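Remarks on the overall topology
Take a look at the letters that make up each chain.
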Amino acid sequence: MDMSEFDRVLLVANPAGGGGRAGRWVRPVAAALRAAGVRLKVVRTRRAGDAREAAERCAGRRALIIAFGGDGTLNEVLNGADLERCALAVLPAGTGNVLAKEVGMHGWPPRAVRQLLQGALVRMDVGVCNGRRFACMVGAGVDGDVVRAVHEHRRRRLTQFHYMPHLIGALMGHARWDIAVELDGRPVVRGMDQVVLGNTHSYGGPVELTPRASALDGQLDAMCLAWPDIIEMPAVVSYGLLRRSAECPHVTYRRARHAVLSSPRDDVPYQLDGEAAGLLPVEVEVMAGAVRFLVPAGCRMRHPGGCPRDQQGAEQNAVDSL
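Below is a short write-up of the structure. All values derive from a computational prediction rather than experimental measurement.

1. Considering the side chain of Asn-79
With respect to the helices, strands and loops of the structure, Asn-79 is situated in helix H3 (residues 71-80). Polar contacts involving the side chain of Asn-79 include one to the main-chain carbonyl oxygen of Asn-75, which spans 2.9 Å. Those residues within four positions of Asn-79 in sequence are excluded, and the remaining contacts are Arg-52, Arg-132 and Arg-133.

2. Regarding the pairing of strand S10 (residues 194-198)
Within S10, 5 of the 5 residues are buried, which leaves the element mostly enclosed by the surrounding structure. Of the two faces of S10, both are covered, the one formed by Gln-194, Val-196 and Gly-198 as well as the one formed by Val-195 and Leu-197. Where S10 meets strand S11 (residues 220-225), 5 bridges bridge the pair, whose relative direction is antiparallel. By the bridge assignment, Val-195 is partnered in S11 with Cys-224.

3. Some points on the packing of helix H1 (residues 21-35) against helix H5 (residues 109-117)
Between H1 and H5, the shortest axis-to-axis distance is 10 Å and the interhelical angle comes to 40°. With respect to each other, H1 and H5 are oriented oblique. With respect to the hand of their crossing, H1 and H5 are arranged in right-handed fashion. Residues Arg-21, Trp-25, Val-29, Ala-32 and Leu-33 of H1 lie in contact with H5, whose contacting residues are Pro-109, Pro-110, Val-113 and Leu-117.

4. Regarding the pairing of strand S5 (residues 120-129)
The element S5 is extensively covered by neighbouring structure, given that 9 of its 10 residues are classed as buried. Inspection of the sheet shows S5 paired to strand S16 (residues 282-295) by 9 bridges, in the antiparallel sense. Pairing of Gly-127 across the sheet is with Val-286, part of S16. Sheet topology note: the S5/strand S6 (residues 132-134) ladder contains 3 bridges and is antiparallel. Within S6, the residue paired with Gly-127 across the bridge is Phe-134. What sits between S5 and S6 in their antiparallel hairpin is a turn of 2 residues, with Asn-130 showing a positive phi close to 50°.

5. Topic: unusual backbone geometry
Here the amide bond leading from Leu-280 into Pro-281 is cis, since omega sits at 15°, within 30 degrees of zero. Among the structural elements, Pro-281 can be located in the loop between strand S15 (275-279) and S16. The backbone of Asp-178 shows a phi angle near 55°, a positive value even though the residue is not glycine. Among the secondary structure elements, Asp-178 is positioned in the loop between helix H7 (163-173) and strand S8 (179-183). One non-glycine residue, Asp-273, lies in positive phi territory at about 50°. Mapped onto the elements, Asp-273 comes out in the loop between strand S14 (269-272) and S15.

Definitions and limits used
Residues numbered from 1 in each chain as written. Predicted model: local features only at pLDDT ≥ 70, side-chain atom pairs only at ≥ 80, totals over all residues. Heavy atoms only, no water. Helix = DSSP H or I, 4+ residues; strand = E, 2+ residues; numbered from the N terminus. Polar contact = N/O pair within 3.5 Å; in protein donor to acceptor, adjacent residues only side chain to side chain. Contact = heavy atoms within 4.5 Å. Buried < 20%, exposed > 50% of the residue type's maximum accessible area, 1.4 Å probe, protein only. Pairing = 2+ DSSP bridges. Axes fitted to C-alpha atoms, helices over the stretch in contact; angles between N-to-C directions. Parallel < 35°, antiparallel > 145°, perpendicular 65-115°, else oblique. Left-handed = near helix turned anticlockwise from the far one by under 90°.

Structure, rendered in structure tokens:
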């Protein structure tokens, strides 16, 4: 496909993302896209909400919005865009870059631009949590608490290492979040300390907490964990690092289209696409194939069950042509 076929392309760049990576690369990236014949407009964000507002102003069936930043920038674009009229894409320049990794985007901007110029449009699922869209996951309990702590104490460029002290503190503190999980109208488990509802198998860094998830299957994967005694915690963590969370004996793993997370506590935090988002309860559902997403040609995504399939196979059900 030729990106010049889009009537308009909006590049929403977060100059502060990834320690200023997008800010350093926005001009070369814009120049490369224009040199390829792309009709481009660039918006540089300055504060939270700017990316969403820029996406809200972009319209047109042949419009493409590229989020140039991290998962937070992409989430804002996802929530501002008219998904019936606009296609989306991502250029990774943040800390986690979860969805970018999911679809195989390269971390070096010049190469990532070439991937988009030769890309294909795929219909991908979108999650909705208490009315807010998400691309990757909702996490409640332990990881919600960690994300909240990280952002409350953030003073400089955020890296994955900044999460470690807060995660260790959360595990040592052994807080009991007492989360109840209802899936597709049925109570499943209670007394959980961490629950992740994943639209993607990637979670962050090398960790996969929902390793069987697919953004193409019209469902969310639920990973529900009650933290064991502290002596068993290293083994539980190893399951996530080995991408085998679904096999962990302390985990309840299910799939569903609709979920409700609640707790008798009124202080259980949750995160959405890596951003602190509020307190339980939440109602979560999936919108199957709701977004047209530009991915690298030949990208290998996972089909239901957790195994990769090539782009040609995925296109039979997922590609939406211009």
